[in-house]
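The chain contents come next:
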Amino acid sequence: MIAIITGDIINSQNSQTELWLPKLKDLLGSWSATPQNWEVYRGDEFQLKCSVDEVFHKALLLKSLIRSFENLDVRLAIGIGNEVFQSEKITESNGSAYVNSGRLLTEIKSQGRTLAIQTENEKVKRDLNILFKWASIDFDNWTAATAEIIHQLLRNPALTQEELAKELNITQSSVSQRIKRANFELLQETDQFFRKKIAEL
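Throughout this description, residue numbers start from 1 for each chain and increase along the sequence as written. In keeping with the predicted nature of the model, local features appear solely for residues at pLDDT of at least 70, side-chain atom pairs appear and are counted solely at 80 or more, and the whole-chain, interface and lining totals rest on all residues. As a convention, hydrogens and water are excluded, and side-chain values are obtained from all of the structure's heavy atoms.

An unreviewed UniProt entry lists the protein chain under the name HTH cro/C1-type domain-containing protein, with Kaistella jeonii given as the organism.

Listed below in structure tokens is the structure:
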């Protein structure tokens, strides 16, 4: 069983691609090799293959990266399932994980949602999608500053507030306020809940 994230950048036509695209490729490239495990295509769409237990954490990293750019957002459709054919390019591979993810992206576009999951287990799918609907109320309203600090902490949880302040060129009290506004502890708890729930599959 694998996880596939199919995503597309919202409002990409009104942004400077040369700013966000290299950062997106750097993040995807830090996880695995392209084009077998990830690929950016059509300019503002991408696909990523990863393990099931890590998929929500990776979705959060993708969301926080893109939200850290003013006026940008990302739509993420997570498909859980099998892989029956592995090509040299992820966009040519196939299996239920790919089908679930691709169809789900089309579905959530029409619903105006930015995060959803499709699995063969109806109970797990229902429970996690309710969680994602609640969580998205917060995620979709992150400011660029909030998203930036979440991204830094998700990538390196060991960073101290002092180190973050130095890296972001802000005061330690500003870091503390942003972390509080970001509900970062709740975010970590949600990730742990996801991992327990997805283990039921």
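UniProt positions are given in the numbering used here, feature names are shortened, and annotations may be inferred rather than shown by experiment. Sites flagged by UniProt as "domain: HTH cro/C1-type" (unreviewed entry) map to residues 159–201. Each helix is a run of DSSP H or I of at least 4 residues and each strand a run of E of at least 2, with the numbering of both proceeding from the N terminus. Segment residues 159–201 splits into 77% helix and 0% strand. End C-alpha atoms: 33 Å apart.

Attention now moves to the pairing of strand β4 (residues 73–81). Relative accessibility under 20% of the residue-type maximum defines a buried residue, over 50% an exposed one, and the middle range a partly exposed one, all with a 1.4 Å probe and only protein chains included. Across the nine residues of β4, nine count as buried, placing the element largely inside the fold. Both faces of β4 are covered, namely the face carrying D73, R75, A77, G79 and G81 and the face carrying V74, L76, I78 and I80. Between any two strands, pairing holds if DSSP finds at least two bridges. Bridge analysis of strand β1 (residues 2–10) against β4 gives nine bridges, and the strand direction is antiparallel. Note on β4: the bridge partner recorded for G7 is L76. One ladder, built from four bridges, connects β4 with strand β5 (residues 115–118); its direction is parallel. Bridge pairing in β5 links G79 to Q118.

Moving on: the pairing of strand β3 (residues 45–50). Counted residue by residue, β3 has six buried out of six residues, so it is predominantly covered. Residues E45, Q47 and K49 line one face of β3 and the alternating positions F46, L48 and C50 line the opposite face, and both faces are buried. The pairing of β1 with β3 spans six bridges and is antiparallel. Looking at β3, one finds that T6 is bridged to Q47. Relative to β3, strand β2 (residues 38–41) runs antiparallel, the two being bridged by four bridges. In the sheet register, V40 faces β3, and the bridge partner there is F46.

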